[in-house]
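Structure at a glance
Below are the chains, spelled out letter by letter.
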Amino acid sequence: MLELRSVTAGYDRRAPAVRDVTLTVSSGESVGLLGPSGCGKSTLARVAALLHRPDSGEVVLDGTPVRHWRHRAPRELRTAVGVVFQQPRLSADPRLRLADLIAEPLRATGRRASAEDRVAELADTVGLTPDLLTRRPHEVSDGQLQRACVARALVLRPRWLICDEMTAMLDASTTAALVAVVEAYRTSTGAGLLAVAHDHTLLTRWCDRTVHWKTVTEPR
Amino acid sequence: MTERAPVLSVRGLSVRFLLPGGRRIAAVTDAHFDVAPGECLVLIGESGCGKSVLASALLGLLPANAQTAGHAHLGDLELLTADERVLARTVRGRRIGLIPQSPAAHLTPVRTIRSQLAETVARLTGVRGRTALRAAAEQAAERAEFPPGHLDRYPHELSGGLAQRAATALALIGDAPLLLADEPTTGLDRDLVDRTVDELRRHVDADRALLMITHDLAAAERVADRVAVMYAGRIVELAAASDFFGASGPRHPYSQGLLQALPDRSFTPIPGMPPELGDLPEGCAFAARCDRATDACTALPPFTGSIACHHPAPAPTPENIRA
């Protein structure tokens, strides 16, 4: 279970972007979080992905309360969560070839030996050809780069996926393809999903349950 | 509106990028279309299919390694061969207004919206004098429904929607007969997308021509009179929006696939990925992903004025379609 309890977070303690949010995602469940631009939903996604320390409140991941964030989070928690961001250009190291981009989490966790097979398998899953894997981010389109970012998020076989506006930059066909990849992964592994977006039609089609930002911030 | 002379008339426009090592990238190939006053033509397609290159070609903003062929007439002016002086002094801002993809990056970060509007008014119109410029800037803001209370703010203090309106206000100042909007709605939420395209539609209804480039099919449906679908650098279908999004639907298998990929339709992707623009097949570029492909597809399908496919779905009502 991924539990966010009364989370308040932001970049200025006097004006937090997220105020007192409570949201629970059960194991294997997919929850869509819907809200307008600038409401703070991306900040909440960063908290859920252990990438931003909340000012107050508690995050509990499969029963373990999270005490440390970002690089200080213990590896077994950090690797349990896969993240995909809105802008593939900003979330890819421009110096890495796509194959290395996908393999980076394996190298960072000392699993270099398995990288080659795992990258080939994932490239096939997300629809990247061997030729594309040898290119750097500036040599591919946004859609192709986002496919690589999804592969990178899945490479450690996370129990949780956080997709923050994963498809906002993409055309309809690539959107449908990447949502299908995420859903196939969830069906085979039972991973849970928190998908953040502003597209109501997309989220209701994609997720088991869709909650609106207003309902998670209001005190119950 | 069919009888009126088009504002923009593009005939056989092609753009090639020459890369070191003799590689050639076919970014746009043989594009044909017109845009009339009071009409909105929306160009849709996947990212990397050549849409933005087409827009840059029209504004004369291609990098030095690009080669163009064909014609793009803006009234009596040939845009592709016009020199930089003519483009800078008479076309950009005056005859073509650009509404950019990312307004936050388009605006000058160190100056207020008011000062940017006033500068543009001073450059493009005959208005002189501080008070007159101030009034003209406020008027310009009003035309794009930019709230006067936010005029003294800097771009980083504006929300995405307000920054978009500021950029639109700048594009409208020169009273250009043609507006060119390149992905004006990326990154905006659905309400803001609707509001932005409705505002663009108002300017079309005020007898301007609008060429909008987007991959957002919902926004296209809301604003378009006609739709051009681009695939691998070529326009493969040109149809009335009412047919394209309506009961008869698109005719090209690629356009059909794009619509079916929408979450409120079947939500299934088109298999495979678009071909590399540097390595296009001889025949139909879509054949490798097409379920209707036959031996005929090894030959390039000619563009008939409404479609380029060897086996399109039947035409709805031919009289609605115009090249």
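Residues numbered from 1 in each chain as written. Chains lettered and ligands numbered in written order. Predicted model: local features only at pLDDT ≥ 70, side-chain atom pairs only at ≥ 80, totals over all residues.

Remarks on the pairing of strand β1 (residues 2-9) of chain A
Successive residues of a regular strand alternate their side chains across the two faces of the sheet. All names here are of chain A. Bridge count between β1 and strand β4 (residues 56-61): five bridges; the pairing is antiparallel. Within the sheet, the bridge partner assigned to Leu4 lies in β4 and is Val59. Relative to strand β2 (residues 18-25), β1 is paired through five bridges, and the arrangement is antiparallel. Following the sheet pairing, Glu3 is matched in β2 by Thr24. (Pairing = 2+ DSSP bridges. Helix = DSSP H or I, 4+ residues; strand = E, 2+ residues; numbered from the N terminus.)

Things to note about the sheet that holds β2 of chain A
Residues and elements named next belong to chain A. Sheet architecture is open: four strands sit in the order β2-β1-β4-β5, paired in antiparallel fashion. The open sheet terminates on both sides in strands that have one partner only, identified here as β2 and β5 (64-65). Lying over the sheet, helix α1 (residues 41-48) contacts β1, β2 and β4, oriented at roughly 125° with respect to β1. (Contact = placed C-beta atoms within 7 Å. Axes fitted to C-alpha atoms, helices over the stretch in contact; angles between N-to-C directions.)

With respect to the environment of Asp55 of chain A
All names here are of chain A. For Asp55, the position within the fold is in the loop between α1 and β4. Along the primary structure Asp55 and Gly35 are separated by 20 residues, whereas in three dimensions their C-alpha atoms are 21 Å apart. Filtering out sequence-adjacent residues up to four positions away, Asp55 remains in contact with Thr8, Ala9, Gly10, Arg13 and Pro16.

Notes on the packing of helix α4 (residues 113-124) of chain B against helix α6 (residues 160-172) of chain B
Residues and elements named next belong to chain B. At a closest axis distance of 9 Å, the pairing of α4 and α6 adopts a crossing angle of 15°. Put simply, α4 runs roughly parallel to α6. In this structure, the crossing between α4 and α6 has a hand that is right-handed. Contacts from Ile113, Gln116, Leu117 and Thr120 of α4 reach α6 at Ala166, Ala169 and Leu170. Among the residues making up the contact of α4 with α6, the classes are represented as five nonpolar, two polar and no charged. (Parallel < 35°, antiparallel > 145°, perpendicular 65-115°, else oblique. Left-handed = near helix turned anticlockwise from the far one by under 90°. Nonpolar A, V, L, I, M, F, W, Y, C, P; charged D, E, K, R; others polar.)

Remarks on α4 of chain B
Residues and elements named next belong to chain B. Along its 12 residues, α4 runs 16 Å from first to last C-alpha, staying within 8% of the 16 Å computed at 1.5 Å per residue. Those residues of α4 that fall on the buried side of the exposure criterion are Ile113, Arg114, Gln116, Leu117, Ala118, Thr120 and Val121. The elements touched by buried residues of α4 are α5 (130-143) and α6. (Expected span 1.5 Å × (residues − 1). Buried ≥ 20, exposed ≤ 12 C-beta atoms within 10 Å, placed from the backbone.)

Here we look at the interface of chain A and chain B
Taken together, the contact between chain A and chain B spans 23 residues of the former and 25 residues of the latter. Going through the elements one at a time, α6 (142-154), α7 (172-189) and α8 (200-206) of chain A are the ones with two or more residues in the side of chain A that touches chain B. If you tally residues by element for the side of chain A that touches chain B, the top one is α7 of chain A, at seven residues. For the side of chain A that touches chain B, the residue count by class is eight nonpolar, 11 polar and four charged.

What about the nonpolar core?
The biggest cluster of nonpolar side chains holds 166 residues, and the ones touching the most others in it are Ala48, Ile102, Ile162 and Leu194 of chain A together with Val42 and Leu178 of chain B. When residues of this core are assigned to domains, at least three map to each of domain 1 (8-95 + 176-320) and domain 2 (105-175) of chain B. With residues up to four places along the chain from it excluded, the contact list for Leu178 of chain B reads Val7, Leu8, Val35, Leu74, Arg95, Ile96, Ala209 and Leu211 of chain B. (Core = buried A, V, L, I, M, F, W, Y, C linked by C-beta atoms within 7 Å. Domains from an automatic or database assignment.)

So, the domain arrangement of chain B
All names here are of chain B. Taken domain by domain, chain B consists of domain 1 (8-95 + 176-320) and domain 2 (105-175). Distance between the C-alpha centres of domain 1 and domain 2: 30 Å. Contacts between the two partners involve 12 residues from domain 1 and, on the opposite side, 11 residues from domain 2. When residues of the side of domain 1 that touches domain 2 are assigned to their parent elements, the largest contribution, five residues, is made by helix α7 (residues 190-205).

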